[in-house]
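# Reading the structure
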Amino acid sequence: MKKIFISLICFTFSINGWTQIKHPSLVFTDQVVHTAQKAIKSNKQMADGWDSIQKKADSYLNTMDLAKTDYLALAYRMTNDKKYSDQVKKILLNTVKAESWAVPEMVMRNPAWHTELQVAHRSFSCAISYDAIYNTLSLNERKAIAEGLQRLAVMPAMNDWVNDDTRIHCLNSMGHNWWSSCVCMGGLLAMSLENEIPTNKAYVTKVLTILPEWFDFAGDVLQHKPKSFDRNGGQYESINYANFGIQEAVLFLMAYHNAYPSKTLPDIPQLKQASNYFYHACYPRTGDLWSINFGDSHKNITAESSLEPLYALGICTGDNALWYFNQVQNGQNRDGFFRDRPMGFLYMPNTQKAPATPKLKNSELFPDFGIATIRDSWEKDATMLAVKSGFTWNHSHADANSFILFHKGYDLLKDAGNCFYGSPDYRNYFFQSQAHNVVLFNGKGQSMEQQYHGSPERGYLYDLLDADNIKYILADGTGPVSDNFSRNFRHLLWWDNVIYVIDDLKTHSAGKFEWLWHPGGTYKKNGSDIEITKENASITLRPLYPQTLIPSEFLQDYPDNLTMEEIEAPSEDGGKEKYISLKLPKETDQIKGVTAIILKDSANQRDMPSITRRQGENWIGLRIEYKDKVTDLYINQLADGRLMHCNSWITADGWTTDAYMFGVSYRKGADTTKPHELFICYGSSLRRDNSLYFSSLSKLFVIQKQKGDKAFIWVDGQPKTHFSIKTSSKPSALIINEKAVDFDYNKGMYDRIKE
């Protein structure tokens, strides 16, 4: 009884406090229309956009397509020409003659679904067009349209998604992009009809009340459903669906703010972080702006349709936003809010003062759902490494430990993409591990049943370090493949112009491992290398451990080397393409894989780093020589989990350490005991010749560099540590993780407690 009483009081208050909406006030408002009318007189981009929109509106004057009413409604608002509003009116009056908008397949479900995304899309079209031409309609026309839309869309949305006594959906089952679209577009349409149906205000108010709960959804243990939003921004489903889900929510909020500017919107912290995700997930290049396409997304998907209403609300503003909008090209994807489409024409801000590059850090980790992007700069056509090891659920594929490499404008190592969800190719290939740059065991990756049931254990990304020319991240994909693997770690170390992919693998039984590579250009085997090229963008793929790639076709002469197989698979454009499988012939249950990806300056580059395989007692390693620089990289074979209580001490080339991996750089001919760059991966100590170079009670991830008389350190691994590290002379300043700190200096060591 208490619950019913509270609901009744809120409902009665809403009706008693109700004031009419002054149309048009939701989306095509007087303010934005007047601004656009003024802008087309002086801004060529706006003038060209309006010219395109008006021509399309003229071509739609004889159509009865509801999806085109945004062009017609905007043309009316811009010109006040009733030929456009009359056509919108015809379409709306014809639309409400329908018996139902429910999709037969959805109605067949138990219980029946009466609304889905198509109803949500129609709701948006009806809401903005009804609002735009409201003042041209008679009272009877308003009544007929409002009652029809209430029956076709508002009530089904309320009953399926919101009302306590009829609701069939919950956040655990449908709390992804569908929820925000169906609920918020139903709410937006209800808002547009409030004058004719005052009781809709209760629905609108309830949507405002419950919307933060969608953003705050923390996940579901029993159904393996992930947390919806990362602490650093974004939503786990993919760029495509993250943008769509946020877009639908923010359009509702923006319309409410436009209609009721004195009302306070709910506090939703995730919206303040949304732009950070979309910025870091994008790849600026010559031509269309690209984005990472893990999961059900495409490279050409952009997020201006979320960012524009956020900008209008004052949540996403500033130079970085202008920079992003300025990268987006008209028409680069199907659903964008571009300047030559009604929403983009009104809401994309003037970008004439946009900076050439944003003020953003080069790397970002989204730890809650396991995505990271690491780049060498924000210039167009730079190099960017995108890594994923997180959840497998719904639109998030079976791609733990996978990565995409963008270089000089192209994804030279790519994600295979996706296709129509009903196609067998989607569930049998595009969703599965085989469509990603991962390691398989006996031909298997993640269990195929995860396509529908999700992964009971997720993957993780840890310990992102970005020290300019040295970058590192650790991926743990063990959980999603734990039916076969007890260790599935992938270290990605980017040092100068080489990215080292280091796989630490252990399985429950002996079998065969294979490494999958999806080229985003033409490829050819060149001895023990694989060259991948797209126009002038090129990389060299060089397997180094456990074996190099067989250098010829004479398998009998190289029985232990990796072999290369080209596998034909569907392409997302509906054709066929090939990807590469590198297979280790022998069976084993534990292995280290090391592959060097050499980033070439051009397709014709011949001056390449020299990479030599080296090994010693309990370690394997590489010596990389390029121009006047030498880098030695060591991998500790005892630090891979085989020891528990005995620490993993090795001595390699005079260095004594317990680190999982470490590297030093020095100039050719220089004293190797005085490296100018030091990398330590999961180590607590580094010593040489009775001198201590690094010490910490816990194993840390560290990069140290000396620049002039300043010392720079990047460190991660524990929330609080006390470490000491050696330098050749007392530095004038110590910078840890980009912040200057105080330190103690004694006998060549500087000592610092990190908190």
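Before reading on, note that the structure itself is shown above.
Residues numbered from 1 in each chain as written. Predicted model: local features only at pLDDT ≥ 70, side-chain atom pairs only at ≥ 80, totals over all residues. Heavy atoms only, no water.

### Thoughts on the overall build of the protein chain
For clarity, the threshold we go by: Helix and strand assignments come from DSSP, with helices taken as H or I runs of at least 4 residues and strands as E runs of at least 2, each series counted from the N terminus. What the globule rule says is 2.2 Å times the number of residues to the power 0.38, and the radius of gyration is computed from C-alpha atoms. For the exposure calls, accessible area comes from a 1.4 Å probe over protein chains only, and a residue counts as buried if that area is under 20% of its type's maximum, exposed if over 50%, partly exposed in between. Whether two residues are in contact is decided by their heavy atoms: any pair within 4.5 Å suffices.
A count of helices and strands for the protein chain gives 18 helices and 33 strands. Over its C-alpha atoms the protein chain spans a radius of gyration of 29 Å, differing by no more than 12% from the 27 Å that the globule rule assigns to 755 residues. Dimensions of the protein chain, computed from the C-alpha atoms along their principal axes, are close to 90 × 60 × 60 Å. Every one of the 755 residues in the protein chain was classed for burial, and the buried ones make up 60%. The long-range fraction of contacts in the protein chain, counting pairs at least 24 apart against all pairs at least 6 apart in sequence, stands at 63%.

### Here's the deal with the sheet that holds strand β14 (residues 522-526)
Note the cut-off: Two strands are counted as paired when DSSP detects at least two bridges linking them. The axes are straight lines fitted to the C-alpha atoms, using for helices just the contacting stretch, and the angles between their N-to-C directions are given from 0 to 180°.
Read from one edge to the other, the open sheet built from 8 strands follows the order β9-β10-β11-β12-β19-β16-β15-β14, with strand pairing classed as antiparallel. Unpaired on one side and paired on the other, β9 (460-466) and β14 mark the two borders of the sheet. For this sheet, the mean inter-axis angle between neighbouring strands, taken without regard to orientation, is 15°. Relative to strand β11 (residues 485-495), strand β10 (residues 470-476) runs antiparallel, the two sharing 7 bridges. Each residue of the ladder has a partner; that of D476, found in β11, is F489.

### Observations regarding the packing of helix α12 (residues 239-259) against helix α14 (residues 304-312)
Packed helices, taken two at a time, are described by their axes: the angle between them and the distance between them. Using the following cut-off: Roughly parallel covers angles under 35 degrees, roughly antiparallel covers those over 145, roughly perpendicular covers 65 to 115, and oblique covers all other angles. Crossings are sorted by hand: turned counterclockwise from the far helix by less than a right angle, the near helix makes the crossing left-handed, and turned clockwise it makes it right-handed. Following the grouping adopted for this structure description, the nonpolar residues are Ala, Val, Leu, Ile, Met, Phe, Trp, Tyr, Cys and Pro, the charged ones are Asp, Glu, Lys and Arg, and the polar ones are all others, Gly among them.
Close contact between α12 and α14 brings their axes to 8 Å; oriented N to C, the two are set at 30°. One finds that α12 runs roughly parallel with respect to α14. Viewed along their axes, α12 and α14 form a crossing whose handedness is left-handed. Two secondary-structure elements touch here, α12 through N243, I246, Q247, V250, L251 and M254 and α14 through S305, S306, P309, L310 and A312. Taken together, the residues that form the contact of α12 with α14 break down as 7 nonpolar, 4 polar and no charged.

### What to know about the side chain of S275
Following the sequence through the fold, S275 ends up in helix α13 (residues 269-280). With a relative accessible area of 12%, S275 lands in the buried category. S275 has contacts with L307 and C316, leaving out every residue within four places of it along the chain.

### A word on helix α4 (residues 69-79)
Among the 11 residues in α4, 10 count as buried, and that is most of the element. Count one or two residues on from α4 and you reach N80, which has phi positive near 65°.

### Remarks on α14
For α14, a buried count of 7 out of 9 residues is recorded, marking the element as mostly surrounded by other parts of the structure. Of the positions making up α14, those classed as buried are E304, S305, S306, L307, E308, P309 and L310. At its buried positions, α14 is contacted by α12, α13, α15 (319-327) and α16 (342-347). G314 sits one or two residues past α14 and shows a positive phi near 80°.

### Notes on the pairing of strand β28 (residues 710-716)
Of all the 7 residues making up β28, 5 are buried; the element is thus mostly covered by neighbouring parts of the structure. Count of turn residues in the strand β27 (residues 691-707)/β28 antiparallel hairpin: 2 residues, of which G708 carries a positive phi of about 65°. Sheet analysis places β28 next to strand β30 (residues 733-736), joined by 4 bridges and oriented parallel. Looking across to β30, one finds that A711 is bridged to L734.

### Focus on the packing of α4 against helix α5 (residues 82-95)
The N-to-C vectors of α4 and α5 enclose an angle of 145°; their axes lie 8 Å apart at closest approach. Crossing angle aside, the handedness with which α4 passes α5 is left-handed. Mapping the contact onto sequence places T69, L72, A73, A75, Y76 and T79 in α4 and K82, Y84, S85, Q87, V88 and I91 in α5.

### A word on the pattern of salt bridges
Applied cut-off: The working definition used for a salt bridge is a side-chain nitrogen of Lys or Arg within 4 Å of a carboxyl oxygen of Asp or Glu.
Under the definition given, this model contains 30 salt bridges. Note that K206 and D164 form a salt bridge whose closest N and O atoms lie 3.3 Å from each other. On the criterion of sequence distance, the pair formed by K206 in helix α11 (residues 200-216) and D164 in the loop between α8 (139-162) and α9 (171-174) is long-range, its members being 42 residues apart. A relative accessible area of 46% places D164 in the partly exposed class. The salt bridge partner of D411 is K299, with a shortest N-O separation of 3.3 Å. Linking D411 in strand β7 (residues 410-413) with K299 in the loop between β2 (290-291) and α14, this pair joins segments that are 112 residues apart in sequence. Three or more residues are tied together by salt bridges with common partners; here these are K227, R231 and D368.

### Topic: the packing of aromatic side chains
To keep things clear, this is the line we draw: Stacked, tilted and edge-to-face pairs are distinguished by plane angle, under 30 degrees for stacked and over 60 for edge-to-face with tilted covering the rest, among Phe, Tyr and Trp rings (Trp via its six-membered ring) whose centres lie within 6.5 Å.
Per the counting criterion, the structure on display carries 39 aromatic pairs. Residues W619 and Y634 carry aromatic rings whose centres are separated by 5.2 Å and whose planes lie at 65° to one another, so their mutual orientation is edge-to-face. Note that W619 is positioned in strand β21 (residues 619-626) and Y634 in strand β22 (residues 629-636), a separation of 15 residues in sequence. A residue is classified by how much of its surface remains accessible, and W619, at 5% relative accessible area, is buried. A centroid spacing of 6.2 Å and a plane angle of 40° characterise the contact between Y682 and F701, whose relative ring orientation is tilted. Here F701 lies in strand β27 and Y682 lies in strand β26 (residues 677-688), a separation of 19 residues in the sequence. Residue class for Y682 comes out partly exposed when judged on its relative accessible area of 38%. On the accessibility criterion, F701 (6% relative accessible area) is buried.

### Points about the state of the cysteines
Which entries qualify depends on this criterion: A pair of cysteine sulfur atoms is labelled a disulfide when the two atoms are within 2.5 Å.
Applying the stated criterion across every chain yields a total of 0 disulfides. As a non-bridged cysteine, C184 has C182 as the owner of its nearest cysteine sulfur, 9.8 Å distant. Note on C184: relative accessible area 0%, which makes it buried. Free cysteine C282: the closest other cysteine sulfur is in C316, separated by 12 Å.

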